[in-house]
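Residue strings, one per chain:
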Amino acid sequence: MNEKRLEILLWSIAFPGFGQILNGHVLKGIAFIILEVIINLNSSFNMAIIFSFTGEINQAIEVTDYQWLMFYPCVYMFAVWDAYRFAEAQHPPYAYLPFAFSAYTVTVGLIFSPVFEIAGTPLGPVWLPILFLIPGIIIGVVIKRILLSKNPPHSTS
């Protein structure tokens, strides 16, 4: 991954929309920023983050509006993918798979976050979805490798 693509990817991870702005897609970037703010405010996600980081997981669960927060993983991962995709003229085949599967698995983690516990401790709407990101990335990478082994990219030399 080259430095420009990494920079855009990291800014997009920090805040959806920033990567699009760096790519010169200002209107799309502003749209993602507006979506981020609307979903964040309506779901009380910042409060859930604060409560989660201070170890008050039950309060994080209580404050979260899950109906709104369910939009977040897909919007977030699509914004990150979109910024990554346009960071260079070409991108590897099937590069979207880890992003797409991460959106799915993070959403599943969010669904189970109010009830899933480890050693009697709930992980809540921040930590469990973050943990569910890992299998999404792994599944996406594995499927990408399988598809590439069956359909290798054609060289244009």
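In this text the structure is predicted, and so the values were computed from the model without any measurement. (Residues numbered from 1 in each chain as written. Predicted model: local features only at pLDDT ≥ 70, side-chain atom pairs only at ≥ 80, totals over all residues. Heavy atoms only, no water.)

S.K.: I'd like a description of a nonpolar patch on the surface, backed by residues and values.
M.R.: A contiguous nonpolar patch, built from Trp11, Phe18, Ile21, Leu22, Val26, Leu27, Ile30, Ile34, Ile38, Trp68 and Phe71 and spanning about 1000 Å² of accessible area, is present on the exposed surface. Going through the elements one at a time, helix H2 (18-22) and helix H3 (26-43) are the ones with two or more residues in the nonpolar patch. For the nonpolar patch, the leading source of residues is H3, giving five residues. The partly exposed category is assigned to Val26, whose relative accessible area is 42%. (Patch = residues over 30% accessible without salt bridge, like charges linked within 9 Å, V, L, I, M, F, W, Y side chains within 5 Å. Areas by Shrake-Rupley, 256 points an atom, 1.4 Å probe, with all protein chains shown as cover. Salt bridge = Lys/Arg side-chain N within 4 Å of Asp/Glu carboxyl O. Helix = DSSP H or I, 4+ residues; strand = E, 2+ residues; numbered from the N terminus. Buried < 20%, exposed > 50% of the residue type's maximum accessible area, 1.4 Å probe, protein only.)

S.K.: Requested: an account of the pattern of salt bridges, with residues and values cited.
M.R.: By the definition in use, this model includes two salt bridges. Linking Lys28 and Asp82 is a salt bridge whose minimum nitrogen-to-oxygen distance equals 3.1 Å. Residue Lys28 is found in helix H3, and its partner Asp82 is found in helix H7 (residues 72-85); the two are separated by 54 residues along the sequence. Asp82 sits in the buried class, given a relative accessible area of 1%. Across the salt bridge formed by Asp82 and Arg85, the nearest N and O atoms sit 3.0 Å from each other. Linking Asp82 with Arg85, this pair stays in helix H7, spanning three residues, or about one helical turn. Where salt bridges share partners, they join Lys28, Asp82 and Arg85 into one cluster.

S.K.: With reference to specific residues and values, describe the packing of aromatic side chains.
M.R.: Under the definition given, this model contains 12 aromatic pairs. With 6.1 Å between their ring centres and 55° between their planes, Trp11 and Phe18 make a pair best called tilted. Here the aromatic cluster, defined as three or more aromatic residues joined through ring pairs, consists of Trp81, Tyr84, Tyr96 and Phe99. (Phe/Tyr/Trp six-rings, centres within 6.5 Å; stacked < 30°, edge-to-face > 60°.)

S.K.: Which residues make up the packing of helix H8 (residues 97-112) against helix H9 (residues 124-150), and what values go with them?
M.R.: Their axes nearest at 6 Å, the elements H8 and H9 cross at an angle of 150°. In this view, H8 runs roughly antiparallel relative to H9, as classed from their interaxial angle. Here H8 runs over H9; the crossing is right-handed. Taken together, the residues of the contact of H8 with H9 break down into 18 nonpolar, five polar and one charged. (Axes fitted to C-alpha atoms, helices over the stretch in contact; angles between N-to-C directions. Parallel < 35°, antiparallel > 145°, perpendicular 65-115°, else oblique. Left-handed = near helix turned anticlockwise from the far one by under 90°. Nonpolar A, V, L, I, M, F, W, Y, C, P; charged D, E, K, R; others polar.)

S.K.: Break down H3 for me, with residues and values.
M.R.: Taking 1.5 Å per residue as the helical rise, H3 with its 18 residues ought to reach 26 Å, and the 25 Å between its terminal C-alpha atoms agrees with that figure. Along H3, the residues that are buried comprise Gly29, Phe32, Glu36, Ile39, Asn40 and Ser43. An end-on view of H3 places all buried positions within 100° of arc, on one side of the element. Exposed residues on H3 whose side chains face more than 90 degrees from its buried face are Leu27 and Leu41. (Expected span 1.5 Å × (residues − 1). Arc of directions from axis to C-beta.)

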